[in-house]
Amino acid sequence: GTSLHEHLVSQLGYLKLNDRQTLLGKQLIGSIDTDGYIRRELSAIVNDLAFAQNIESDEDELEAILYKIQEFDPAGIGARSLQECLLLQLERKDPEDAINRLAYNVIDFCFNEFSKKHYDKIARKLHVEDDELLKEAIQVITKLNPKPGGAGEDAVKAQYLLPDFLLSNVDGKLELTLNSR
């Protein structure tokens, strides 16, 4: 199996980043905790880069790379708050769907009301007259993962399939052999 951090670093390799950006990305990934959040301020990470690796950077440069990391799997990874985590997951859902749009707006504009379960205030604030639509949006939100990093480091497992037989083409002739493993 691979750890969450190894999984994220492998995804980082698919981005077209220069060496400097890759180092910044690895520093950000290293700052992600087991729940999948970056709980440290970006300014503190900028300081770490300056002192530990002698790399001058700023919060804007780090944030630009963080936005790319937040597009990785699992959805919601690299968020700095529960609200941001839920919004990142909702952004991946179909924006044409009215329920998904409402769920996004609930978290974006009414997060405090949602966390206190003041659904009547949410309905008034977002001008939602259909109670059933609001219930469905709330249901979408409650199915999201508040801890995208999983329970720990081993949340992401790699599975390998080993074939029983091997088929090879030798000079236009197919040969079937038993896998020695």
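Below you will find a few notes about this structure.

Criteria and cut-off values
- Residues numbered from 1 in each chain as written.
- Predicted model: local features only at pLDDT ≥ 70, side-chain atom pairs only at ≥ 80, totals over all residues.
- Heavy atoms only, no water.
- Axes fitted to C-alpha atoms, helices over the stretch in contact; angles between N-to-C directions.
- Helix = DSSP H or I, 4+ residues; strand = E, 2+ residues; numbered from the N terminus.
- Parallel < 35°, antiparallel > 145°, perpendicular 65-115°, else oblique.
- Contact = heavy atoms within 4.5 Å.
- Nonpolar A, V, L, I, M, F, W, Y, C, P; charged D, E, K, R; others polar.
- Salt bridge = Lys/Arg side-chain N within 4 Å of Asp/Glu carboxyl O.
- Buried < 20%, exposed > 50% of the residue type's maximum accessible area, 1.4 Å probe, protein only.
- Polar contact = N/O pair within 3.5 Å; in protein donor to acceptor, adjacent residues only side chain to side chain.

1. Considerations on the packing of helix α3 (residues 42-52) against helix α4 (residues 59-69)
Contact pair α3 / α4: the axes reach a minimum separation of 9 Å and the direction vectors enclose 105°. As judged from the angle between their axes, α3 and α4 are roughly perpendicular. Contacts from Leu42, Ser43, Ile45, Val46 and Leu49 of α3 reach α4 at Glu59, Leu62, Glu63 and Leu66. Partitioned by chemical class, the residues of the contact of α3 with α4 number six nonpolar, one polar and two charged.

2. Digging into the pattern of salt bridges
The full count for this structure, using the stated rule, is nine salt bridges. One salt bridge in this structure joins aspartate 48 and arginine 40, with 2.6 Å as the shortest N-O distance. Look at arginine 40 and you get partly exposed, because its relative accessible area is 34%. Across the pair glutamate 113 and lysine 125 runs a salt bridge whose closest N-O atoms are separated by 3.5 Å. Of this pair, glutamate 113 sits in helix α7 (residues 111-115) while lysine 125 sits in helix α8 (residues 119-125), and the two are 12 residues apart along the sequence.

3. Thoughts on the side chain of glutamine 70
Tracing the backbone through its elements, the reader meets glutamine 70 in the loop between α4 and α5 (82-91). Within the structure, the side chain of glutamine 70 is placed 2.9 Å from the backbone oxygen of glycine 78, a separation counted as a polar contact. Other than its neighbours up to four places away in sequence, glutamine 70 contacts Ile77, Gly78, Ala79, Arg80, Glu84, Leu88 and Arg92.

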